[in-house]
Amino acid sequence: MVETIATPFLKTQSNIGIDLGLTDFIVLSDGTKVANPKFLAKLKDKLARAQKIMSKRSAVAKKANRKLSESSNYRKQKRKVAKIHEKISNSRKDFLHKQSFNIVKSHDIIVIEDLNVSGMLKNHKLAKAISDSSWSTFTTMLDYKADWYGKQLIKVDRWFPSSKTCSVCGYVLGKDELKLSDRSWNCPSCKSENDRDLNASVNILNEGLRCLTLKEPLVQGS
Ligand SMILES: [Zn+2]
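Note that the coordinates shown come from a computational prediction; the quantities given were computed from them, not determined experimentally. (Residues numbered from 1 in each chain as written. Predicted model: local features only at pLDDT ≥ 70, side-chain atom pairs only at ≥ 80, totals over all residues.)

**Q** Account for the environment of N203, with residues named and values stated.
**A** The topology assignment puts N203 in helix α6 (residues 196-214). The exposure class assigned to N203 is buried, which follows from the 26 C-beta atoms found within 10 Å. The spatial distance from the C-alpha of N203 to the C-alpha of K164 is 9.6 Å, given a sequence separation of 39 residues. In this structure, N203 is in contact with S162, T165 and S167, ignoring residues within four places of it in sequence. (Helix = DSSP H or I, 4+ residues; strand = E, 2+ residues; numbered from the N terminus. Buried ≥ 20, exposed ≤ 12 C-beta atoms within 10 Å, placed from the backbone. Contact = placed C-beta atoms within 7 Å.)

Here you go:
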């Protein structure tokens, strides 16, 4: 195998903060919202239907006292299910590659939250959004692509209150003042109306740049 060395991208003088969206896949600090791809949802419906047929065929074989390995109907369906799984995995990877490539190409400093995904998966409401959007795969791709193409990825502390801080004046909402269902909030101090995800991505960018100038360790206690 030949190892290829990537040519660094030209500098764009643009920095960006990325927030993991709940309704969108990601929200960027420049206002860009990248939706979760619809084709993945469609493929998942297709997978659910195929799996249902597979389990029916398994029940039929058991009733007739046949081994699953001897039931050609079951085995045919099993192959079909495996194919859909593969297609979902490939389509998702393809989507993540394109998104991470575009971001690394368009921006010089990229700031994201260092999410502890396995810890967050315990939170039921967030679980589906995170596992669907493959956040950790995306982060890994950003990491090595930034490295390849001469850009910089900064991860900020996951306990940093990116959603609850007003990106205009720095006011921080109190505990329980922001519900997961609140998509936007009005700052009691400066009266700005903050779109939840956009506000968070601006804060993430600012926090990353602050840590960079201070040369502080990027992950610190809260
Ligand atoms: Zn404010």
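**Q** Outline the sheet that holds strand β2 (residues 24-28), supporting the account with residue identities and numerical values.
**A** Overall, mixed pairing links the five strands, which are arranged β3-β2-β1-β4-β5 in an open sheet. The strands lining the two open edges of the sheet, one partner per strand, are β3 (33-35) and β5 (152-156). With strand direction ignored, the average angle separating the axes of adjacent strands in the sheet is 20 degrees. (Pairing = 2+ DSSP bridges. Axes fitted to C-alpha atoms, helices over the stretch in contact; angles between N-to-C directions.)

**Q** I'd like a rundown of the nonpolar core, residues and numbers included.
**A** In this structure, I18, I110, V111, L142 and I204 are the most contacted members of the largest nonpolar core, which totals 28 residues. The element contributing the most residues to this core is α6, with six residues. Those residues in contact with L142 that sit more than four places away from it in its chain are S100, I103, V104, I110, I112 and L153. (Core = buried A, V, L, I, M, F, W, Y, C linked by C-beta atoms within 7 Å.)

**Q** Run through the packing of helix α1 (residues 38-63) against helix α2 (residues 72-106), naming residues and quoting values.
**A** Orientation of α1 relative to α2, taken along the N-to-C sense of each, is 160 degrees, at an axis distance of 9 Å. One way to sum up the angle between α1 and α2 is to call them roughly antiparallel. Every pair of crossing elements has a handedness; the one defined by α1 and α2 is left-handed. Taken together, the residues of the contact of α1 with α2 break down into twelve nonpolar, six polar and seven charged. (Parallel < 35°, antiparallel > 145°, perpendicular 65-115°, else oblique. Left-handed = near helix turned anticlockwise from the far one by under 90°. Nonpolar A, V, L, I, M, F, W, Y, C, P; charged D, E, K, R; others polar.)

**Q** Give me α6: which residues, what numbers.
**A** For α6, built from 19 residues, the straight-helix expectation of 27 Å at 1.5 Å per residue is met to within 8% by its first-to-last C-alpha distance of 27 Å. Downstream of α6 by one or two residues, K215 has phi in the positive range, about 50 degrees. (Expected span 1.5 Å × (residues − 1).)

**Q** Requested: an account of the pairing of strand β4 (residues 109-113), with residues and values cited.
**A** With four of its five residues buried, β4 lies for the most part within the structure. By the bridge criterion, four bridges tie strand β1 (residues 15-20) to β4 in an arrangement that is parallel. If you follow G17 over to β4, its bridge partner there is V111. Alignment of β4 against β5, held across five bridges, turns out to be parallel. Following the sheet pairing, I112 is matched in β5 by K155.

**Q** Go over helix α5 (residues 135-148), please, and point to the residues and values.
**A** End to end, α5 covers 20 Å across 14 residues, agreeing with the expected 20 Å (1.5 Å per residue, within 8%). Regarding α5, the residues found buried are W135, F138, T139, M141, L142, K145 and A146. Looking straight down α5, one finds that the buried residues subtend no more than 160 degrees of arc, so they occupy a single side. Once α5 ends, the next one or two residues include G150, with phi positive near 75 degrees. (Arc of directions from axis to C-beta.)

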